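Coordinate analysis (summary)
What follows is the residue order along each chain.
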Amino acid sequence: PALFLGTVLSALALAIGVLVRGAGAPTPVLRGLLLAAAASAALLLVRRFRHPLIAALVLGTLVTADVAWNNGPNESTGLPPATYDALRPDTNNETVRLLKDKLQETAAPDRRDRVEMIGIGYHWPNLGLSHRIEHLFGQNPLRLRDFARATGVGDTVAVPDQRTFAPFYPSYRSTGADLFGVRFIATGVPVEQIDRSLRPGDLTLIARTADAYVYENPRALPRVMFVPSVRAADFDAIIRSGWPDADPREVVLLEDMPATVPPMAAGSGAASIVSYGNIRVEVDVEASANGFLLLNDAWHPWWRAEVDGRPAPLLKANVLFRAVAIPAGRHRVHFRFAPFLGAWEQLKAKLH
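Residues numbered from 1 in each chain as written. Predicted model: local features only at pLDDT ≥ 70, side-chain atom pairs only at ≥ 80, totals over all residues. Heavy atoms only, no water.

What about the pairing of strand 3 (residues 204–208)?
In this sheet, strand 4 (residues 213–216) lies alongside strand 3 in antiparallel orientation, the contact comprising four bridges. Residue pairing across strands places Ala-207 opposite Val-214, the latter belonging to strand 4. The turn linking strand 3 back onto strand 4 is made up of four residues. (Pairing = 2+ DSSP bridges. Helix = DSSP H or I, 4+ residues; strand = E, 2+ residues; numbered from the N terminus.)

Spelled out as structure tokens, the structure:
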């Protein structure tokens, strides 16, 4: 039964892969099919002989062959352990220490600055996981389609040539870079070799370490902002053509305007992060007039928002980010990721 089920599932994956990815899909799927069949056969063999020594020999041989074939030493993994010292939580790597110190210096109630680490090494994009550094381009992630289109970056940024740009984020001197809050950029080569549109003074070189050139973008925007006005926009056109003539500190762009928009008036406001986690974010807002709270984190339909404990529409703003309409006064805004509820509501909407 296990062999039959594995074969059927692998054949189904092969068919879907060919339909979705084209002719390049069969090779890895066929490899998976072969390994599933080998694993099923090994389990059947072990079950038949029922001898601990035979079981250990068969399963050990299969696991060793699998690891050697699929994850053998290569240009990314077959290196001395010291190569990966920067990943250690207790590392003394000067570039890591510098980035942590700088992020601490720029921390503020409304800020959570991001970094980019480009072309330093294959493992460097993983530093965000071990050091709690918010790296805009993590290692081989599952990326949202609009994020990939807006940034123009592929699976990883291990070498300088892999850091490409797109109209929404055409340069480190751009509204896209500022909206993402990219405050520090560490590169394995001078940044002008990666972003050839930069002019002297666009970024500030703050250090040259043994691993990288480290730059600062002083224009990076806060993670949370109170924005006093709103404008309708075509997000697909912005992704294709670039950011329009709009100051994101003064106007929030929405593609789907809410049914009711509170009357706008000239006003000011401030936002501060109360707590921040992977699936929950709380923000305090104080505003002299109606406006919008902008959270410069990726929008997804499964996120939910509440204002003072009451559900509020979570708006997709500025192409990629999250916004909530805020009336004048003091308010607590709660963002919560609800994947099961969100998926169920999406399914119901499609069925209807």
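Considerations on the nonpolar core
Core analysis: the largest hydrophobic core is formed by 42 residues, its most contacted members being Phe-168, Phe-180 and Leu-294. Of the residues forming this core, the biggest block, four residues, is contributed by strand 7 (residues 251–254). Not counting residues within four places of it along the chain, the set of residues in contact with Phe-180 comprises Arg-114, Leu-136, Phe-147, Thr-151, Phe-168, Tyr-169, Leu-320 and Phe-321. Core analysis: the next-biggest nonpolar cluster, separate from the first, contains 19 residues, Phe-226, Val-283, Ala-305 and Ala-312 among them. (Core = buried A, V, L, I, M, F, W, Y, C linked by side-chain atoms within 4.5 Å. Buried < 20%, exposed > 50% of the residue type's maximum accessible area, 1.4 Å probe, protein only. Contact = heavy atoms within 4.5 Å.)

Describing the sheet that holds strand 3
Strand order across the open sheet formed by four strands is 1-2-4-3, with mixed pairing between neighbours. For this open sheet the edge positions go to strand 1 (114–118) and strand 3, each flanked by a neighbour on one side alone. Neighbour to neighbour, the strand axes of the sheet diverge by 20° on average, direction disregarded. Both strand 1 and strand 2 (residues 182–187) contribute to a ladder of five bridges, which runs parallel. Bridge pairing links Met-117 to Ala-186 in strand 2. Where helix 4 (residues 94–106) meets the sheet, it contacts strand 1, strand 2, strand 3 and strand 4, and its direction lies at approximately 170° from that of strand 2. (Axes fitted to C-alpha atoms, helices over the stretch in contact; angles between N-to-C directions.)

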